[in-house]
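# Structural overview for review
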Amino acid sequence: MGSERRELMKALGARLRGLRTEAGLTGAVLAQRAGVGQPTVSKVENGRMVPSLDVLGRLSLALDLDESTSREVRDLLVAVEAAPDAVEVPAEEAPAGAVLDDAVRSARLVCSFQCVVLPAMLQSAEYARHVFASAPNSTPEAVGRAVAARVERQSLLYEPGRESVFVLTEAVLRTWPGNPSLMLAQFDRLLAVESLSTVRLGVIPWRRAVPVLPRHGFTLCDRGAVVVESFRGERVLDDSDEVAAYEETFRRFEEAALFGSEVRELLLRVMQEFREMEDFATR
């Protein structure tokens, strides 16, 4: 990360921390008022995370900032994003998945499309372990911490007032790490999550043409930002035109997907195939 961007992130964080102190709020209270995770507040204030425009807006409202001060912190954010290396989040600065997990934690509506890897919020602990272990320069200690944090964040799926919509291609169900036993446990989790009133899980089956050729996975958070995942890291986009384009793309994928009893039937059918593979491997 460039030194200019690092210094700007620290300046933004220090300014927000000062405003919180002036307001007489703890980080936990500010996080609760803003509807974001406490780790998000901590990372932003310590210059370790660039907040999306949506998150910064929530913090500004929770701090009851006047128009002039709100514009000041927005300008700082703009300066951070304009600095070199403002988009990519290098692996040495944050564990793989950290940006996505924090963005999801602060959102009330999450819409995620995936074409290869299961969405973070649906991953079993063992599946997530393989995801984090495949990241460049991963260590057992860092992987363990990342898995624990991801599993803890998944409790958000059960919170009233939150809504999560996941759309997968059938390829996601058939692209698997580990062994068939791992995937059988993963399918148990998918079936359990699909039954939640706060979740809609859809799958685009092989027999149905995709409306758009997918190039990567992405997650929309509160219609204000989108997290795009790549091999190098994660990018948070909050330009209104870009977000709108991703919303339209997600809508088209959603229209092509199976939901409800049809998706459960598909999950059970693919699950049976893994069970047969497991039986064959143990003979």
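The preceding data block contains the structure.
Below, the structure is looked at part by part. Nothing here was measured: the structure is a model prediction, and the numbers come from that model.

Moving on to the sheet that holds strand β5 (residues 225-229). Each strand in a sheet pairs with its neighbour through backbone hydrogen bonds, running either in the same direction (parallel) or in the opposite one (antiparallel). Strand order in the open sheet made by the 6 strands is β3-β2-β1-β4-β5-β6, with mixed pairing throughout. In the strand order of this sheet, the two ends are held by β3 (199-204) and β6 (234-237), each with one partner. When strand polarity is set aside, the average angle formed by the axes of neighbouring strands in this sheet is 15 degrees. Of the pairings in the sheet, the one linking β5 to β6 comprises 4 bridges and is antiparallel in character. Residue pairing for β6: E229 is matched across the bridge by E234.

Take the pairing of strand β2 (residues 163-169) next. Most of β2 sits inside the fold, with 6 of its 7 residues counted as buried. With 6 bridges joining them, strand β1 (residues 109-114) and β2 adopt parallel strand pairing. Residue pairing in the sheet places C111 in a bridge with V165 of β2. With 6 bridges connecting them, β2 and β3 associate as parallel partners. From the neighbouring strand, V167 faces β3, where its bridge partner is G202.

Conventions and cut-offs
Residues numbered from 1 in each chain as written. Predicted model: local features only at pLDDT ≥ 70, side-chain atom pairs only at ≥ 80, totals over all residues. Heavy atoms only, no water. Pairing = 2+ DSSP bridges. Helix = DSSP H or I, 4+ residues; strand = E, 2+ residues; numbered from the N terminus. Axes fitted to C-alpha atoms, helices over the stretch in contact; angles between N-to-C directions. Buried < 20%, exposed > 50% of the residue type's maximum accessible area, 1.4 Å probe, protein only.

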